[in-house]
Structures are given as C-alpha cells and as structure tokens.
Amino acid sequence: MAQPGLPIEALPAWALLNGITFPHVKVTNIEGKGFGVVRDGELQPEVPLMTVPNSLVLNVQAVDEYAKEDKNFKQLLGAVGHHSARRDILLFLLVQLVLASKTHQAPVGVSNPWTEYIKFLPKTVLVPTLWTEDERLLLRGTSLESAVNAKMTAITAEFDAVREAASSLPSWNDVLWPYEDGNSSASLRSWILLDALYRSRVLELPKSGESMVPCIDMINHSTRASAYYDENAKDEVVLLPRPDSSISPGEEVTISYGDAKPAAEMLFSYGFIDPEATVESLVLPLEPFEDDPLAKAKLFAFKDLPKVLVARDKGSSAVSWNSPFAYLMCVNEEDGLDFRVLQDSVGGRQLRVFWREEDVTDRIGDFETLIQNYEVSTLIKLRVVTVVQERLQQQLERAQSSADLASLPIGDVDLMRDECRQAASLLRSIETDLLKVVIDDLEKERRMLLADENVVAYLGSMETAEADLVGEEASNEPDDFS
C-alpha cells in the first residue's frame, strides 16, 4: 500500500481547523533534516510557541476512546491489542493509514484528524529497520547488528500474529491478507513504517505518558535545545522556550530527545547519530558458558536479557562497565550457588536461587554485592573481568574486520544510500574507540586482581595440585627396564 501524502504547506490549514496554534513558529523543510520548526515572527512572553489540544494527543486512552466510536476497530483491538501502548497506537495508525489511502471500501474505521495528519508524515525514516537488506549489512560488527536482526524478527512475528488473530474478523481479513495479485491494503512494510514513525516521534509526557503529538513531533533534536514540551492545566501539550536560551528570527527551534542516549540507540530509534552527545555507551549481548551445567537455570532465574554495558563520559573521560549476568555466570556450586525447586503456598512449584544457604532469588542481579564478604571474592571478580574483557575483545575484532564493508562486493553497493553508509561508519568508529578504551581499562583492573594475595594464593595452590596430579600419574607408569 502506497502511503498517501500532503505537502507541508497545507499543515497550517489542518492545524487551524483542529485547534493547534503556533503563532510564532512555522513547520518547514530544513536542509539535511527533513521537516523542522523555525521561529517565524516576534515572540511574546507567556505565549507558548505551540499549543496542541488534548483531544489530538495519541496515547492508549485516545485509542480506547476511538474504539468506542467504531465497533470494527473495537473488535480488532480486542483481538490483538492491549499488549502495550506501542501496539495499541500502531493498530490505530494502521487504521488511519488504510482510511487515508482509500484503497479499501470496507467499514474498518472512522475518520478523525489523524486520518489527514498521517499524510504529512514522511514516507520513510532512516532507522535501520527501514534500511534495505544490503544496507543493514553495513551494521556488521556494531552493537546494532544483533539488535536490528532481533527487531526485524520480532516485528515480522508481531505482524503475522496480528494478521492471524484478525483473520476471523470479516472486515479486517480483507485488509490484512493479500489479494490474488499479492497486494493488500496493509502490509508488513506498512507495519514496519508505522513502528519506525512511532519510535522516532513518541514523547514521554509528564501526565499522559507515551504519546504522539501532532506538529510537536516535527521538531528536531539538539543537545543544546532551545525549547521543551510540557502539559498545562488544561492537559494541552505546549511547546515553551527554554529560559536560558534565545531564538533568533528564522532560527530552528529544537528539543532534546534525551541527553544520555548512546549512538546506537539514537540511530535505532531516530535514524541519526548526534555527534555532540556527551556520553558514549554500548550494550552487547552476553552468552553463558557452553559447558556450564547450570546455564539454563541461570538464564531462567535471571529473567532479564544477559548483557554487558560499557560507557565513557566524554567530558571527564571516566570509563565504566556493568554486567550483573557476568557475575552470575562466574559463580558455581563449589562457590556456594544452588538452585532448588520448591513448592509455594498455593501448591505451585518455583525455582529458587540460594547463595551459601541464603535464598537470593529476588537479588539474582546483585551478585556483585553478594560475593563481597566471600573469602575469595577477588577471584570471582577476576573471572568476571576476564569474561567481560574477552567479550569486548571479540566485538572489537569483529568491528575492525568489518570496517571496509561498504567497499566489498555485497549486493548492489551502488544502491546503498550515502546516509546509511555514513551512519554505519560513524557508529562503528564511536564503538571501536570506546571498546579500545574499556578493554585497556579492564586489562589494568585484571592485572591488579592477579596481584591480590588471595588470588596469588589460590592460583599457587592450583599449580601445586596440578603438579601433584602429574607426579601421581608418572608414578603409576610401568618401569622401563630397556
């Protein structure tokens, strides 16, 4: 289904019709950024740069209200909605996209202001889920490689689940399933686009929570933002100038999408990387040891995704790393770890985690603290540091081996967009530099731990035990009288 479009010049008329006011700014095309907002006219004290009525704010509550107006959408929401705010909003946007495209005549929804507003939104976003398969290969060796692959798998499965659940609803079966020519009113591509629009435009409002707000979602990001959004006493969403900033006539008005978001998250959610970000960080998945007999139990009890987080503050050059699962990986039964299946008060069975006879199931992610009073805690810390260092080294080697990927004969390189090549290259450069710094820092920490008297004593006892074992094996060999 082709996304319908309206020129941005028509937006003021739509805004006026729907009660949105922005007397001192205008929405326009900004070179290299797409749509944006610039100052247009004299600013007046106490007058917001933009005001959006609460009735236009799209969130879970608005979706529920819309379901009361249309029984067909209510059926769809009941069949596949109520999983998350994101999915409910995507279902609503899908209906508006179908209505706006006018490719389907079945009564699948009731038109509202969003039916027209969706025509102003871009037809694509430079987030990696909307890159081509060849363009996504540029992410090899970055932290987004596995994240984007997992997202594509999840979003495809989600749309398949939506189609399957809606197949019993006559009005929606024709919309979501392909016709004989292979086309349909709503496709996987449509769902991926709506997911990208949601991720790149959703705001966390103080009172209304996760919401999409028309016109305010046209404002671009800056680490030195000149404005911010809020909700007033009437629950209207207002755009206000920051007290410590000044906006010159014709200057772009910006907000902050988040001061501490890493490059990978910015690219994943918004389709660009902020070169002025003050914090560099990345998150990598972590796999348990293949030969660990407790690996499955650890994964089940941990519940969260096993990962390693590393970061560096560009201002202070301070380096940090964190990996609760790495600590769980590096303790075992001989250290005092135990898993037990116990019966609860209602007759069910639960997997409980014990550390030196203490039930620590609710502290499964706090083994860094739990081992502190253990006599060989330094040895366990050495194991953890080694595991994390090896994981980062593995990632660094993969990133370096993929550095020249854009010049390799994979697919049709000529069809790769420059924006994708540049974003992937910048992400790899940022993450490679960060990995090198953290690996060096971990090596210093590892050497300090190796010099600890408890570690030296333990390693010495292990060498003695191995030497004794070798001696026993040698004494058991038959005498050689040759």
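Where an unreviewed UniProt entry is consulted, the protein chain appears under the name SET domain-containing protein, with the organism given as Neurospora crassa.

Report on the overall build of the protein chain, specifying residues and quantitative values.
If you tally the helices and strands in the protein chain, you get 16 helices and 15 strands. Pairs at least 24 residues apart make up 68% of the contacts formed inside the protein chain by residues separated by at least 6 positions.

I'd love a proper account of helix α3 (residues 71–80), names of residues and values included.
Within α3, the full set of buried residues consists of Asn 72, Phe 73, Leu 76, Leu 77 and Val 80. Within α3, the buried residues cover an arc of 135 degrees as seen down the axis, which keeps them to one side. Exposed residues lying more than 90 degrees from the buried face of α3 are Lys 71, Lys 74 and Gly 78. Of the residues flanking the start of α3, the one acting as N-cap is Asp 70, its side-chain oxygen 3.3 Å from the backbone nitrogen of Asn 72. Just past α3, the residue His 82 takes up positive phi, approximately 65 degrees.

Break down the sheet that holds strand β11 (residues 307–313) for me, with residues and values.
Strand order in the open sheet formed by three strands is β10-β11-β12, and the pairing between neighbours is antiparallel. Strands with a single pairing partner mark the edges of an open sheet, and in this sheet they are β10 (279–285) and β12 (319–322). Strand after strand, the sheet turns through a mean of 15 degrees between neighbouring axes, direction not considered. Note: β11 against β12, four bridges, orientation antiparallel. Looking at the pairing, Val 310 lines up with Trp 321 of β12. Here helix α15 (residues 418–450) sits on the sheet in contact with β10, β11 and β12, set at roughly 80 degrees to β10.

Which residues make up the confidence of the model for the protein chain, and what values do they have?
The predicted model of the protein chain has a mean per-residue pLDDT of 87, with 89% of residues at 70 or higher. Of all the helices and strands in the protein chain, helix α16 (residues 453–475) carries the lowest mean pLDDT, 67, while helix α12 (residues 324–329) carries the highest, 96.

Tell me about the sheet that holds strand β14 (residues 349–355), and please be specific about residues and values.
Read across the open sheet, the three strands follow the order β13-β14-β15; overall the sheet is antiparallel. Both edges of this open sheet fall to β13 (337–343) and β15 (358–359), since each of them pairs with a single strand only. Of the strand pairs in this sheet, β14 and β15 are connected by two bridges, and their pairing is antiparallel. Of the residues in β15, the one forming a bridge with Trp 355 is Glu 358.

Report on the environment of Arg 201, specifying residues and quantitative values.
Tracing the backbone through its elements, the reader meets Arg 201 in helix α9 (residues 188–201). Note: C-alpha distance between Arg 201 and Met 218 (17 residues apart in sequence) is 8.1 Å. The residues contacting Arg 201, other than those within four sequence positions of it, are Leu 121, Pro 122, Ser 211, Met 212, Asp 217 and Met 218. Here the side chain of Arg 201 touches Asp 217 through a polar contact of 2.9 Å, landing on its backbone oxygen.

Account for the packing of aromatic side chains, naming residues and giving values.
The description of an aromatic ring pair uses the distance of the two centres, along with the angle that the planes make with each other. Applying the stated criterion to the full structure yields 13 aromatic pairs. Seen in terms of ring centroids, Phe 159 and Trp 191 are 6.0 Å apart; in terms of plane orientation they differ by 40 degrees. Their pairing is tilted. Taken together, the positions of Phe 159 in helix α7 (residues 144–166) and Trp 191 in helix α9 put the pair 32 residues apart, joining distant regions of the chain. The same class applies to Phe 159 and to Trp 191, which are both buried. Taken together, the aromatic side chains of Trp 14, Trp 114, Tyr 117 and Phe 120 make up a single cluster linked through ring pairs. Directly above the aromatic system of Phe 300 lies the positively charged group of Lys 303, at a separation of 5.1 Å from the ring centroid. Over the ring of Phe 354 we find Arg 340, and its NZ or CZ is 4.0 Å from the ring centre.

Can you tell me about the pattern of salt bridges, naming the residues and giving the values?
Per the counting criterion, the structure on display carries 27 salt bridges. The shortest N-O distance in the salt bridge between Asp 292 and Lys 298 comes to 2.8 Å. Considered together, Asp 292 and Lys 298 belong to a single accessibility category, that of buried residues. For Arg 363, the salt bridge identified is with Asp 366, shortest N-O distance 3.2 Å. By relative accessible area, which is 35% here, Arg 363 ends up partly exposed. Taking the relative accessible area as the measure of exposure, Asp 366 reaches 27% and is therefore partly exposed.

I'd like a description of the pairing of strand β8 (residues 237–241), backed by residues and values.
Taken together, the three bridges between strand β3 (residues 50–52) and β8 define a ladder with antiparallel strand orientation. The residue bridging Thr 51 from the neighbouring strand is Val 238, located in β8. As defined by bridge partners, strand β7 (residues 227–231) adjoins β8 across five bridges and the pair is classed as antiparallel. Residue Tyr 228 lies in a different strand from β8, and its bridge partner there is Leu 240. In textbook terms, the turn of a hairpin is the stretch between consecutive antiparallel strands, and for β7 and β8 this stretch comprises five residues, one of which, Asp 235, has a positive phi near 65 degrees.

Explain the packing of α3 against α7 to me, using residue names and the numbers behind them.
Between α3 and α7, the shortest axis-to-axis distance is 9 Å and the interhelical angle comes to 120 degrees. Comparing the axis directions of α3 and α7 gives the class oblique. The two elements α3 and α7 cross, and the hand of that crossing is right-handed. Only Ala 161, Val 162, Ala 165 and Ala 166 of α7 make contact with α3, whose side of the interface consists of Leu 76, Ala 79 and Val 80.

Criteria and cut-off values
- Residues numbered from 1 in each chain as written.
- Predicted model: local features only at pLDDT ≥ 70, side-chain atom pairs only at ≥ 80, totals over all residues.
- Heavy atoms only, no water.
- Helix = DSSP H or I, 4+ residues; strand = E, 2+ residues; numbered from the N terminus.
- Contact = heavy atoms within 4.5 Å.
- Buried < 20%, exposed > 50% of the residue type's maximum accessible area, 1.4 Å probe, protein only.
- Arc of directions from axis to C-beta.
- Polar contact = N/O pair within 3.5 Å; in protein donor to acceptor, adjacent residues only side chain to side chain.
- Pairing = 2+ DSSP bridges.
- Axes fitted to C-alpha atoms, helices over the stretch in contact; angles between N-to-C directions.
- pLDDT = per-residue confidence, 0-100.
- Phe/Tyr/Trp six-rings, centres within 6.5 Å; stacked < 30°, edge-to-face > 60°.
- Lys NZ or Arg CZ within 6 Å of the ring centre and 35° of its normal.
- Salt bridge = Lys/Arg side-chain N within 4 Å of Asp/Glu carboxyl O.
- Parallel < 35°, antiparallel > 145°, perpendicular 65-115°, else oblique.
- Left-handed = near helix turned anticlockwise from the far one by under 90°.

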